[in-house]
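Listed below are the residues making up each chain.
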Number of protein chains: 2
Amino acid sequence: VQFQIAFASYSEKHPTKTLALYHALRDAIVAGVWTRGTRLPSTRDLAVQYGLSRGTVNQVYDTLTSEGYLQSATGRGTFVAFEAADSAGDAVSGASGEKGTDLPHNRSQAAYRLSPWASRLVSLPSIDGADGFEGIDFGSHLPDYSTFPHEEWNRCYYAQVRALGKLPRERRDSDTLGDWQLREGIAQYLRRARGMAVQPEQIAIVGGSMQAIALLMQLLVGPGEPVVAETPAYSGIRRAIQAAQGRCIDAEVDGDGLVPADWDAKAVFVTPTRQFPTGAVLSLERRQALLRWAREREAVIVEDDYDSEFRHRGRSLEPLKVLDRDDRVVYVGSFTKTLLPSIRIGYAVLPPALVEPFRRAMGLYEPYPVHLAEQRTLAAFMAAGHYERHLRRMKRIYSRKFALLTQLLPSISGQFDWVESDAGLHVFGWWRGTEESYAAFRERGRHLGVRWSEASMQGPEQSRYGVLLNFTDVTEAELAEGVRRMKQAAEGE
Amino acid sequence: VQFQIAFASYSEKHPTKTLALYHALRDAIVAGVWTRGTRLPSTRDLAVQYGLSRGTVNQVYDTLTSEGYLQSATGRGTFVAFEAADSAGDAVSGASGEKGTDLPHNRSQAAYRLSPWASRLVSLPSIDGADGFEGIDFGSHLPDYSTFPHEEWNRCYYAQVRALGKLPRERRDSDTLGDWQLREGIAQYLRRARGMAVQPEQIAIVGGSMQAIALLMQLLVGPGEPVVAETPAYSGIRRAIQAAQGRCIDAEVDGDGLVPADWDAKAVFVTPTRQFPTGAVLSLERRQALLRWAREREAVIVEDDYDSEFRHRGRSLEPLKVLDRDDRVVYVGSFTKTLLPSIRIGYAVLPPALVEPFRRAMGLYEPYPVHLAEQRTLAAFMAAGHYERHLRRMKRIYSRKFALLTQLLPSISGQFDWVESDAGLHVFGWWRGTEESYAAFRERGRHLGVRWSEASMQGPEQSRYGVLLNFTDVTEAELAEGVRRMKQAAEGE
């Protein structure tokens, strides 16, 4: 490692190089920059690095050793012997400095005048973190990791990383919107598997679908302008609307999905193939009403298609985008659930007129694609047929879990209205009781070692609560045991 | 592949399933959803998928075959025989639909009312794209790909992707700010190699450093608020300030870097270790003045340290952050130049009080780290010592090129003031002539097959121009030839 000290600044403050080096090293040790046991460079290396004589360095090492800051081990080198007082305790501590000496104590309270945007962000509800829950977790949205074809993915990755240097120069950086081959691969997939007439030029590769949603909000919505969101919906939608200073219009959801209305709004977020979280499929009549509304209002429909690849039985689910004759729909898809969340690649299919604004918005945050190596890996993985093979395999596994879960649910149907569904990676049910009885049920569930995701809908008097059972990250045995515990929790005592 | 058609919507419009299927398939073929040669599913598969009798599907396939839309090859299946008229021509064409039939022709001109933010973005200067230049390119900022240790990187990646499923649940998603092990690895590296007392909690992993800069601007700057930027500077800085609606104050740069002043501003962008692009090192006196200013004004200093790992001779370059006693400095670093741009990982070292606002801003765009697999790979790569070994190897290669280039430059010193530098990945020189003579020089250079990056500084009467010679992506032979061509271009005729 290159060992670096603040020698330049110290040599301005001290009359001799020896004193400068002494204080630079001593302060760094006291401040905990190098912890006890860290090996210092040889006197020769340090002398060369800072343009000092070796005698100077030897003298400083000797002084610090005699003072107990350093320790020498014959033939092994010189080591830090001093343990900084608070180097372990104060976790988020701040930048370099002589801790505990002449520093003000309120450093981490340094005043920052944040922008109005940041103040708004800080007031938004935060994202739940992990909390070490150890029971059966229907709240985990992680995929079944055991199915991931590591060998095939890795072979593609290796080949792509190797090949990067051999690309023509202009292909190495690539377009802000992402690797061309991947955009072509996704367009081809959407044309063949989802019936969408999509060109690669319209496709923007993003990290996760949330990135696309947040950027779209910033592009489309000005301060105070209204945007429609389903109730209930993924919480990120409302965060994105609020961060863009938009005003959220709550739209009702029933068994046929979003209930259309003649909103005075610039955009609507909708999950037509499977309403999130209820799972309702938007009826054809409503799809047409929504498209008509967007055309008349010159509004944008953002279609989030988060898990409809996973059809377990019945008819194919058709994206709303298929019916979009007027280029009013932005279709957002993702590989997070079909690959791994740690290879987080999503995409947006943009109407032609939004391609350039979206490119500029992305480019502001990063002009070049952020994970080109993995984008190219995915392109190769798709081209070789691995992606669809993997998808088929996951579908089999998830369909089995889905069948088992839907078979178990009637045992607790007394307390729930389960929403019927033929697809997706979770099952949704409305709690039949009151807000209070739901809270007690949830509490008993935690106590019995089972938890789930939940959604709520504000009613005129009472809020309605729903449970969302993700079945991807639980085994079949856990699934049965989880439902048994939920039943016990629902029945009380 | 799952083959999907808009059957549901067609079956509402047509009296029989046969007619619905016929029109759904025919329209998709005419619209170019499936191109000539695409293989259709077997009649049996399609029947199952849409709940039709096999006879219905057979009948439709036969009709379409007799009409020339489809073609059968015995034992191989049924293929699309029709070539959609405009499927290749109109590149960015839009969503599904019966092209050329009843569609309005102005689809890609669909009106979108963009937000004020988006309108501002569209008016900003765009980012230069690749243009197929084939000469010697000192404008390429790409690294030398030949040095990248593919085997070691790939071994780490493979191990990490495999291990992801075995992580405890709460580690799989990870913090918005990035993988903990990587944050620890970077903190350790900065402590040891750069003399910065940094804790992993303060580190945010981003895609490229531009992401950190744009987010910081949004966090810190409200509409109309002033921010200081060096002149010249990386153009992304001004884009970020303008996108956040900030007002840019131009700060002068001379041979000792940024010239401090008592700006009435919320933040300053500075490149203290090597001013971009001139390469000037900010003097200690100015560093102290800058820190004093930030403390008094309660402002933030954003330090962009883009290439000072590459020291070729002389003293170590010390980050400004080392002197930051008051937590006013955000240090931005990146692995883009030390690894590969296709593995674009950067980071920001945040003052403790900015950690949570930054986490929320990142989380708005994506609550989970976007390339966790590669983040963990880098952590393992660093822990195994591969990173520093790779860095040493690159330093040797780049130092050779640097030595060669600085040896060649005196041959064209008549027209340039070369800025002396001991570090970095480019050399900078001011053109001595007028704006007009510079334009002619550049033009002759292009003609002779050599180009470079450039920077300009607006003067009271004339603008001053400078050339920026990146030497990472050119061979030693190209380097010599490139300087020869520049000399020829500079001498005219």
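Computed from a prediction, not measured in an experiment: that's the story for all the values here.

Whenever I open this one, the state of the cysteines confuses me. Can you help?
Under the definition given, this model contains zero disulfides over all chains. Unpaired in terms of disulfides, A:C156 finds its nearest cysteine sulfur in B:C156, a separation of 19 Å. On the accessibility criterion, A:C156 (9% relative accessible area) is buried.

What's the story with the relation of the copies chain A and chain B in this structure? I'm lost.
A rotation about some axis, followed by a shift along it, carries one copy of the chain onto the other. For the pair chain A and chain B, the relating rotation is 180 degrees, the translation along its axis is 0.1 Å, and the fit reaches an RMSD of 0.2 Å. Both copies are brought into coincidence by an operation consistent with a two-fold rotation axis. Minimal C-alpha distance to the rotation axis in chain A is attained by A:H371, lying at 3.5 Å. Comparing interface residues between copies, 99% of those in chain A also sit at the interface in chain B, which points to an isologous, same-surface contact.

How should I be thinking about unusual backbone geometry in this particular structure?
Across residues other than glycine, the phi torsion is negative in most instances, and most of the peptide bonds are trans. Residues and elements named next belong to chain A. That bond from T231 to P232 is cis: its omega, 0 degrees, falls within 30 degrees of zero. With respect to the helices and strands, the residue P232 is situated in the loop between β5 (226-231) and α10 (235-243). Phi at Q245 is positive, roughly 70 degrees, even though this residue is not glycine. Here Q245 lies in the loop between α10 and β6 (247-254). A residue is classified by how much of its surface remains accessible, and Q245, at 34% relative accessible area, is partly exposed. In this model, D327 sits at a positive phi of 55 degrees, which is unusual for a non-glycine residue. In this fold, D327 is placed in the loop between β9 (300-304) and β10 (329-334).

Would you mind going over the interface of chain A and chain B with me for this structure?
Interfaces are often sized by the accessible area lost when the parts come together. Across the contact, 142 residues belong to chain A and 143 residues belong to chain B. Summed over both partners, the interface of chain A with chain B buries about 12,900 Å², with 54% contributed by carbon and sulfur atoms. Where B:R162 meets A:E151, a salt bridge forms, and the shortest distance between an N and an O atom there is 3.6 Å. Applying the counting rule to chain A against chain B returns 34 residue pairs in polar contact (both at pLDDT 80 or more). Grouping the constituent residues of the side of chain A that touches chain B by class yields 72 nonpolar, 33 polar and 37 charged.

Explain the packing of helix α6 (residues 150-164) of chain A against helix α6 (residues 150-164) of chain B here, please?
Packed helix pairs are specified by the crossing angle of their axes together with the interaxial distance, meaning the distance between the axes. The interhelical angle for the contact between α6(A) and α6(B), taken along N-to-C directions, is 155 degrees, at an axis separation of 10 Å. Considered as vectors, α6(A) and α6(B) are oriented roughly antiparallel to each other. Between α6(A) and α6(B) the crossing geometry is right-handed. Residues A:H150, A:E151, A:W153, A:N154, A:Y157, A:Y158, A:V161 and A:R162 of α6(A) form the contact with α6(B), whose own contacting residues are B:H150, B:E151, B:W153, B:N154, B:Y157, B:Y158, B:V161 and B:R162.

What is the right way to look at the sheet that holds strand β10 (residues 300-304) of chain B in this model?
Within a sheet, neighbouring strands are paired by backbone hydrogen bonds and run either parallel or antiparallel to one another. Residue and element names in this part refer to chain B. Read from one edge to the other, the open sheet built from seven strands follows the order β4-β12-β11-β10-β9-β5-β6, with strand pairing classed as mixed. Either end of the sheet is taken by a strand with one partner, and the two such strands are β4 (203-206) and β6 (247-251). The mean inter-strand angle of the sheet, taken between neighbouring strand axes irrespective of direction, is 20 degrees. Strand direction decides the pairing type here: strand β5 (residues 226-230) and strand β9 (residues 267-270), joined by three bridges, are parallel. When the bridges of β9 are listed, V227 appears paired with A267. Set on the sheet, helix α9 (residues 209-220) makes contact with β4, β5, β9, β10, β11 (329-334) and β12 (346-349); between it and β11 the angle comes to about 155 degrees.

Is there a simple way to explain the pairing of strand β16 (residues 453-458) of chain B in this structure?
Within a regular beta strand, the side chains point alternately toward one face of the sheet and then the other, so they alternate between its two faces. Residue and element names in this part refer to chain B. In this structure, β16 lies alongside strand β17 (residues 463-470), joined through six bridges in antiparallel fashion. The residue of β17 that forms the bridge with A455 is G466. The hairpin formed by β16 and β17 contains four residues between the paired strands.

Just to check I follow, could you spell out helix α9 (residues 209-220) of chain A for this structure?
Given 3.6 residues per helical turn, the α-helix brings residues three or four places apart onto the same face. All names here are of chain A. With 12 residues, α9 extends 17 Å between its outermost C-alpha atoms, agreeing within 8% with the 16 Å of an ideal straight helix rising 1.5 Å per residue. Within α9, 12 of the 12 residues are buried, which leaves the element mostly enclosed by the surrounding structure. Residues of α9 that are buried include every one of S209, M210, Q211, A212, I213, A214, L215, L216, M217, Q218, L219 and L220, and no others.

Criteria and cut-off values
Residues numbered from 1 in each chain as written. Chains lettered and ligands numbered in written order. Predicted model: local features only at pLDDT ≥ 70, side-chain atom pairs only at ≥ 80, totals over all residues. Heavy atoms only, no water. Disulfide = S-S within 2.5 Å. Buried < 20%, exposed > 50% of the residue type's maximum accessible area, 1.4 Å probe, protein only. Least-squares fit on C-alpha atoms with pLDDT ≥ 70 in both. Contact = heavy atoms within 4.5 Å. Helix = DSSP H or I, 4+ residues; strand = E, 2+ residues; numbered from the N terminus. Buried area = accessible area lost by both parts, 1.4 Å probe. Salt bridge = Lys/Arg side-chain N within 4 Å of Asp/Glu carboxyl O. Polar contact = N/O pair within 3.5 Å; in protein donor to acceptor, adjacent residues only side chain to side chain. Nonpolar A, V, L, I, M, F, W, Y, C, P; charged D, E, K, R; others polar. Axes fitted to C-alpha atoms, helices over the stretch in contact; angles between N-to-C directions. Parallel < 35°, antiparallel > 145°, perpendicular 65-115°, else oblique. Left-handed = near helix turned anticlockwise from the far one by under 90°. Pairing = 2+ DSSP bridges. Expected span 1.5 Å × (residues − 1).

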